[in-house]
Amino acid sequence: MDAHKASFTYLILQLKEGGSLGEVAQGELPNTADGYAELLQALAGQQPRVFVVENARGYALGLSWHLLQQGQQVYDLPATQVATLRRRRQQAKNDTQDARLAALAWLEHPTQRCPLRLPTLPLQLQSLTRCREGLVQQRLSLQQQLVALQRQPYALAQVRQSLQVVMQSLSQEIAALEQSMQTLLEPYRGLQTETGIGLVSAAVLIGEVQYLERFRDEAAFAAYAATASLDHSSGQRQRVKVNPGGNRRLNRVIELITWNRLRLDPRTQAYHARKMCEGMARRQATRATKRQVTRDVDVYRALCRVLT
């Protein structure tokens, strides 16, 4: 299969005796959930089957994950292998031909086959951290209500007691979720040895990043985390602004890690002080430090050690 932003081209091939490939069907479908379901309908009755996807972590990522969730066997084929085979055979480039070449390249290199797997542990950590985030917000809201009631002498004691009981229940649930996080983080125990990264921060990092192959380099990771500033210059005025996009959960946890490192890590403190000496305002210096922590110092490199 060869996927693009809006659609993907599929080619159903059958391996015959002698190693030749026979074409069964081909088509183009939208790169949406409806298109994925239609593809599986077209393959009904074709058993056993293997899905070979060119650059499965690119535009085909949604398709690949859908197939994996349906229990299908999916292989990721680098686009370079398809390009090399196309040049060797001196064939024209089109989507259908690329899908055929992907199948041929997969057959030619059995030792280089890369089966895709769902990042089960990171997805479980993601669900735990997001559930914990919701419970913490509920507890904070109840705590604010309790503080407001304490300023009202006419408030019923039963109301205050009910709020305290619910808050205690939420605290117990949050503690249980954190215990589950600790268990799931066992394979990534090295992440919490980094200064400023605790249990919840590590769980959020793993859950939101999932796997590093989706990022080209540390600059792409910083852009995804929205810690890379955006150019906002005009004429002679050179300036940058905060990136409002990206993964906001990841951005928030990196900001917490940065503040922790500013309290505990001499290197981060020295970098922040140097930026202040260069004439940056405190907010600008903190923003630059956050970018440095993301890309060049700890977060990305720590993730490289535990996720690869």
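Fair warning: this is a prediction, and the values are worked out from it, not measured in the lab.

Asks: Explain the overall build of the protein to me, and be specific about the residues and the numbers.
Replies: On a plain count of helices and strands, the protein comes out with 12 helices and 8 strands. For 308 residues, the compact-globule estimate of 2.2 N^0.38 gives 19 Å, and the protein exceeds it by more than 25% at 25 Å. Projected onto the principal axes, the alpha-carbon positions of the protein cover approximately 85 × 60 × 40 Å. Burial status across the protein gives 41% buried among its 308 residues. Sequence-distant contacts in the protein: of pairs separated by 6 or more residues, those separated by 24 or more amount to 58%. Surface summary for the protein: the accessible area is close to 17600 Å², and the carbon and sulfur share equals 49%.

Asks: So what about helix α3 (residues 79–89)? Which residues, and what values?
Replies: Of all the residues in α3, the buried ones are Gln 81, Val 82, Ala 83, Leu 85 and Arg 86. Gln 90 occupies a position one or two residues after α3 and carries a positive phi of about 55°.

Asks: Tell me about the packing of helix α7 (residues 199–209) against helix α12 (residues 299–307), and please be specific about residues and values.
Replies: In the contact formed by α7 and α12, the axes pass within 12 Å of each other and the chain directions differ by 75°. With respect to each other, α7 and α12 are oriented roughly perpendicular. Judged by residue contacts, Leu 205, Ile 206 and Val 209 of α7 engage Val 299, Leu 303, Val 306 and Leu 307 from α12. Here the residues of the contact of α7 with α12 are counted per class, giving 7 nonpolar, no polar and no charged.

Asks: Give a description of the packing of helix α6 (residues 157–184) against α7 that names residues and reports values.
Replies: In contact at an axis separation of 10 Å, α6 and α7 are set at 65° when each is read in the N-to-C sense. For the pair α6 and α7, the crossing hand works out as left-handed. Mapping the contact onto sequence places Glu 178, Met 181 and Gln 182 in α6 and Leu 199, Val 200 and Ala 203 in α7. Residue composition of the contact of α6 with α7, by class: 4 nonpolar, 1 polar and 1 charged.

Asks: If you had to explain the sheet that holds strand β1 (residues 2–3) to someone new, which residues and values would you point to?
Replies: Spatially, β1-β2-β3 is the arrangement adopted by the 3 strands of the open sheet, whose pairing is antiparallel. Strand pairing shows two members of the sheet lacking a second neighbour, β1 and β3 (21–30), which therefore form its edges. Inspection of the sheet shows strand β2 (residues 7–15) paired to β3 by 9 bridges, in the antiparallel sense. Within β3, the position partnered with Leu 13 by the bridge is Glu 23. Across the sheet, helix α4 (residues 95–108) is in contact with β1, β2 and β3; its angle to β2 comes to roughly 45°.

Asks: So, the nonpolar core: which residues are in play, and what are the values?
Replies: Ranked by size, the top nonpolar core spans 41 residues in total, and within it Leu 191, Leu 205, Ile 206 and Leu 303 carry the most contacts. Those elements that provide at least two residues to this core are α5 (120–150), α6, α7, α8 (218–224), α9 (248–264) and α12. Once residues within four sequence positions are removed from consideration, Ile 206 is found in contact with Pro 122, Leu 125, Leu 185, Tyr 188, Leu 191, Leu 303, Val 306 and Leu 307.

Asks: Can you lay out the pairing of strand β4 (residues 51–54) for me, pointing to particular residues and giving the numbers?
Replies: Where burial is concerned, the two faces of β4 agree: the one with Phe 51 and Val 53 and the one with Val 52 and Glu 54 are both buried. One ladder, built from 4 bridges, connects β4 with strand β5 (residues 74–77); its direction is parallel. Residue pairing across strands places Val 53 opposite Asp 76, the latter belonging to β5. Crossover handedness for the path β4 to helix α2 (residues 61–69) to β5: right-handed.

Asks: Go over helix α10 (residues 266–277), please, and point to the residues and values.
Replies: Between the first and last C-alpha of α10 there are 16 Å, a value that for 12 residues agrees with the 16 Å anticipated at 1.5 Å per step. Within the sequence span of α10, burial applies to Thr 268, Tyr 271, His 272 and Lys 275. The buried residues of α10 occupy an angular sector of 95° when projected down its axis, which confines them to one face. What points out from α10, more than 90 degrees from its buried face, is the exposed set Pro 266 and Cys 277. Two residues or fewer past α10, Gly 279 is found with a positive phi of approximately 105°.

Asks: Got a sec to walk through the sheet that holds β5? Specific residues and values, please.
Replies: A sheet is described by the order of its strands in space; here 3 strands give the open sequence β4-β5-β6, paired in mixed fashion. Each edge of the open sheet carries a strand with a single partner, namely β4 and β6 (114–115). Where α4 meets the sheet, its contacts fall on β4 and β5, and the angle it forms with β5 comes to roughly 100°.

Asks: With reference to specific residues and values, describe the side chain of Asp 265.
Replies: Note on placement: Asp 265 falls in the loop between α9 and α10. Given a relative accessible area of 8%, Asp 265 falls into the buried group.

Asks: Explain the pattern of salt bridges residue by residue, including any values.
Replies: For side chains of opposite charge, pairing can occur when their charged atoms come near one another. Tallied over the entire structure, the rule returns 13 salt bridges. Salt-bridge contacts for Asp 265 lead to Arg 261; the nearest nitrogen and oxygen are separated by 2.5 Å. What makes Arg 261 buried here is its relative accessible area of 1%. Of the charged contacts in the structure, one is a salt bridge between Arg 267 and Asp 265, with a shortest N-O distance of 3.9 Å. For Arg 267, a relative accessible area of 54% translates into the label exposed. Because the salt bridges share partners, they merge into one network encompassing Arg 86, Lys 93 and Asp 98.

Conventions adopted
Residues numbered from 1 in each chain as written. Predicted model: local features only at pLDDT ≥ 70, side-chain atom pairs only at ≥ 80, totals over all residues. Heavy atoms only, no water. Helix = DSSP H or I, 4+ residues; strand = E, 2+ residues; numbered from the N terminus. Rg over C-alpha atoms; globule rule 2.2 N^0.38 Å. Buried < 20%, exposed > 50% of the residue type's maximum accessible area, 1.4 Å probe, protein only. Contact = heavy atoms within 4.5 Å. Areas by Shrake-Rupley, 256 points an atom, 1.4 Å probe, with all protein chains shown as cover. Axes fitted to C-alpha atoms, helices over the stretch in contact; angles between N-to-C directions. Parallel < 35°, antiparallel > 145°, perpendicular 65-115°, else oblique. Nonpolar A, V, L, I, M, F, W, Y, C, P; charged D, E, K, R; others polar. Left-handed = near helix turned anticlockwise from the far one by under 90°. Pairing = 2+ DSSP bridges. Core = buried A, V, L, I, M, F, W, Y, C linked by side-chain atoms within 4.5 Å. Right-handed = clockwise from strand over helix to strand, strands pointing away. Expected span 1.5 Å × (residues − 1). Arc of directions from axis to C-beta. Salt bridge = Lys/Arg side-chain N within 4 Å of Asp/Glu carboxyl O.

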